[in-house]
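# Structural overview
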Amino acid sequence: DGVAHLVVATRGVWTALERRAAAARLRSLARRVTVLSDAEAAHLGALGGRPGLLVLAGTGSIVLGRGARGRWVRAGGLGPLFGDAGSAFALGRDWLAAVHPARARRLAQAPNAVALIAALAPRVLLLARRGPGPARLAVTQGAFALALNMRAAAREARLSSPISVSWAGSLLEDRAYRSKVWRMARGLGLRIAPVAPRESALEAAARLARAR
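As the structure is a computational prediction, the values presented were derived from the model and not from experiment. (Residues numbered from 1 in each chain as written. Predicted model: local features only at pLDDT ≥ 70, side-chain atom pairs only at ≥ 80, totals over all residues. Heavy atoms only, no water.)

With that settled, consider the overall build of the protein. Per the secondary structure count, the protein includes 10 helices and 7 strands. With the principal axes as the frame, the protein shows a C-alpha extent of 60 × 45 × 25 Å. Considering the protein as a whole, with its 212 residues, one finds that 43% of them fall into the buried category. Sequence separation of 24 or more characterises 68% of the internal contacts of the protein that already satisfy a separation of 6 or more. (Helix = DSSP H or I, 4+ residues; strand = E, 2+ residues; numbered from the N terminus. Buried < 20%, exposed > 50% of the residue type's maximum accessible area, 1.4 Å probe, protein only. Contact = heavy atoms within 4.5 Å.)

What follows is about the sheet that holds strand β5 (residues 72-76). One open sheet holds the 5 strands; their spatial order is β5-β4-β3-β6-β7, and the pairing between them is mixed. Single-partner strands in this sheet number two, and they are β5 and β7 (192-194). Looking at each pair of strands side by side, their axes are set apart by 25° on average, direction ignored. Pairing analysis gives 5 bridges linking strand β4 (residues 61-66) to β5, with the strands arranged antiparallel. Pairing of L64 across the sheet is with R74, part of β5. Sitting on the sheet, helix α9 (residues 175-187) touches β3 (52-57), β6 (163-168) and β7, and the angle it makes with β7 is about 165°. (Pairing = 2+ DSSP bridges. Axes fitted to C-alpha atoms, helices over the stretch in contact; angles between N-to-C directions.)

So, on to the packing of helix α4 (residues 88-99) against helix α7 (residues 121-130). Between α4 and α7, the shortest axis-to-axis distance is 8 Å and the interhelical angle comes to 65°. By the angle between their axes, α4 is roughly perpendicular relative to α7. In this structure, the crossing between α4 and α7 has a hand that is left-handed. The segment α4 lies against α7, with A88, L91, G92 and W95 engaging A121, R123, V124, L125 and L127. Of the residues contributing to the contact of α4 with α7, the split by class is 7 nonpolar, 1 polar and 1 charged. (Parallel < 35°, antiparallel > 145°, perpendicular 65-115°, else oblique. Left-handed = near helix turned anticlockwise from the far one by under 90°. Nonpolar A, V, L, I, M, F, W, Y, C, P; charged D, E, K, R; others polar.)

In this section: the packing of aromatic side chains. Per the stated rule, a full pass over the model turns up 1 aromatic pair. Between W167 and W182, the aromatic rings sit 6.2 Å apart at their centres with planes inclined by 55°, giving tilted as the arrangement. One end of the pair, W167, is in strand β6; the other, W182, is in helix α9, and 15 residues separate them in sequence. The two residues W167 and W182 agree in class, both being buried. For R178, the ring lying beneath its charged end belongs to W167, and the centroid distance is 4.1 Å. (Phe/Tyr/Trp six-rings, centres within 6.5 Å; stacked < 30°, edge-to-face > 60°. Lys NZ or Arg CZ within 6 Å of the ring centre and 35° of its normal.)

Attention shifts here to the layout of surface pockets. Approximately 410 Å³ is the volume attributed to the largest pocket. The wall of the largest pocket is formed by 16 residues, among which R11, D38, G60, S61 and I62 lie closest to the centre. Of all elements in the fold, only α2 (38-47) and β4 reach the threshold of two or more residues within the lining of the largest pocket. Tallied by class, residues from the lining of the largest pocket come to 5 nonpolar, 7 polar and 4 charged. What the second largest pocket holds in volume is close to 160 Å³. For the lining of the second largest pocket, the class distribution of residues is 2 nonpolar, 1 polar and 4 charged. (1 Å grid on protein atoms, 1.4 Å probe; cavity = no way out; pocket = protein on both sides within 12 Å on 5 of 7 lines; lining within 4 Å. Points joined across faces, edges and corners; volume = space filled by probe spheres on them.)

The structure is reproduced here in structure tokens:
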């Protein structure tokens, strides 16, 4: 009988038009096709469909909020040129520009510059733990930028306190960085209740496929 329901979580499908276009391209693969953004799938997995915030920080970054009536709002997520504050790329970029400007200029010309610069983030986090300096400044600025996006998303989604907050992305697997983001958010007046992710985006997509 073929595939009954295919759920695809992917990038670049924020609007209804983008979702419909993506679903149309995949229509031959299943009787029913549902397309959602990868960040939405991560939110559904982390918080199980409940209202709250997902802070996602890997190579890029975004804060995704879901209101009490299921409305999605986002803060950040504009890519390395216009956004991605607090991401692995942002940490690597800020540190590199401060300590190795000649290398920064060379990397800027590389075709895979974003990935190469983001790969510096674990080193930046390590150096930040060793004491004051450019690395700690980059980490502090990144955490504050994510906290600002958390506040913006929470306000737009009209989330009630305490706000459930979860996380995704390789950068936020670092407990010290994650804790700094939470401290910064509380310093901005947010009453948050961090909760560990319940399941991955892939598991959430599979659950949606079964449920529908």
